[in-house]
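Observations on chain architecture
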Amino acid sequence: MSAKAVRIGIGGPVGSGKTRLIECLLPLIHEAGLKPAVITNDLVTLEDAMRVKASGLIEETLVIGVETGACPHTAIREDPSVNIQAADALERDNSLDLILIESGGDNLAATFSSELVDYWIFVIDCAAGDDIPRKRGLGMLQADLLIVNKVDLAPHVGADLNRIRHDVQVNRPQKATIYTNLRSPEGAWEVFDIIKREALFGCAVH
Ligand SMILES: Nc1nc2c(ncn2[C@@H]2O[C@H](COP(=O)(O)OP(=O)(O)OP(=O)(O)O)[C@@H](O)[C@H]2O)c(=O)[nH]1
C-alpha cells in the first residue's frame with residue numbers, strides 16, 4: 001500500500017444502504033489484512049457514527065462522526081475542509097490503508113470533491129423508483145462505482161430491474177455498476193472486488 005490511505009466516498013440518498021454497505025465491507029477489509037477507518041456525515045446527530053462504533057466491526061477510535069448542520073452536500077463538495085481535517089487526523093494517529101467517508105443526502109446530485117476522495121461510490125435504492133437512473137442525477141452519472149441496492153425488494157414494489165439496467169447502461173456505459181442485496185453480507189463481495197481492483201491496487205483514479 002502507499003503511505004497515504006486511499007479515501008473512498010460513499011454517497012447516496014437517505015436510506016439507500018450506505019451504512020449497511022460499510023457494515024458489510026469492514027469484515028472483508030479486515031480479512032484482506034487492510035486497516036480501515038470510517039467518517040460519517042450526519043445533519044445534526046452522530047447516529048451513523050454511533051451505529052458503526054456499536055457494531056463491533058471496527059475500533060471505536062477509528063470512527064469519526066462529522067455533524068454537517070443543514071447541508072451535508074457542502075461538507076463533501078463545496079467546502080470539504082471539515083472532512084479533510086477528520087481524515088488527516090485519523091491518518092496522523094494511525095497507520096491506515098483506507099478511509100471510508102459516508103455522506104447521506106436527500107437528492108441525487110450529491111457528489112464528492114476530488115480534494116476529499118480518491119474514489120467514490122454512489123448507492124441508490126432501486127425500490128425507491130425504477131426511474132432514478134433515467135433522471136440522470138449527478139451522483140449516478142459521475143460516481144466511479146454505482147451500486148443499485150435492494151434488488152431483493154424490486155419485485156415487491158413493482159420496480160423494473162431491466163429498465164434500470166438499460167438506463168444505467170445508456171447513462172454510464174464506461175463506468176462500473178453493481179446490483180446488490182446487502183441484506184446478506186455476501187452482497188458486498190463483488191463491491192469489495194471492484195474497490196480492490198479500481199481504488200486500492202489499481203492506478204490512482206483522480
Ligand atoms: N431489503 C433490503 N434492505 C436493505 C438493503 N440494504 C440496506 N437495507 C436496509 O435499509 C435500511 C436503510 O439502510 P442504511 O444502511 O441505514 O441506509 P443509509 O443509506 O445509511 O441511510 P442514512 O444514513 O439515513 O442516509 C436499513 O434498515 C437496512 O437494513 C438491501 O439490499 N435490501
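For every chain, the first residue of the written sequence is number 1, and numbering continues from 1 along that sequence. Only residues with pLDDT of at least 70 are given local features in this predicted model, and only at 80 or more are side-chain atom pairs given and counted; all residues enter the totals for whole chains, interfaces and linings.

What follows deals with unusual backbone geometry. The backbone of Arg136 shows a phi angle near 55 degrees, a positive value even though the residue is not glycine. Within the secondary structure, Arg136 sits in the loop between strand S5 (119–125) and helix H5 (138–142). In this scheme every C-beta is placed from the backbone, and a residue whose C-beta has 20 or more other C-beta atoms within 10 Å is buried, one with 12 or fewer is exposed, and one in between is partly exposed. Residue classification places Arg136 among the partly exposed positions, given that 13 C-beta atoms sit within 10 Å. We note that Lys150 has phi near 65 degrees; this positive angle belongs to a residue other than glycine. By the secondary structure assignment, Lys150 is in the loop between strand S6 (145–149) and helix H6 (154–157). Residue classification places Lys150 among the buried positions, given that 26 C-beta atoms sit within 10 Å. Strands here are runs of E lasting at least two residues and helices are runs of H or I lasting at least four, both read from the DSSP assignment and numbered beginning at the N terminus.

Let us now look at the site of the ligand. In the neighbourhood of the ligand, 18 residues make up the surrounding shell, with Gly17, Lys18, Thr19, Arg20 and Gly104 lying closest. The element best represented in the shell around the ligand is helix H1 (residues 18–31), accounting for 3 residues. Here the shell around the ligand is built from residues that sort into 3 nonpolar, 9 polar and 6 charged. Contact assignment follows one rule, namely that a residue is near a molecule or strand if its backbone-placed C-beta atom lies within 6 Å of it. For this classification, Asp, Glu, Lys and Arg are treated as charged, while Ala, Val, Leu, Ile, Met, Phe, Trp, Tyr, Cys and Pro are nonpolar and the rest, including Gly, are polar.

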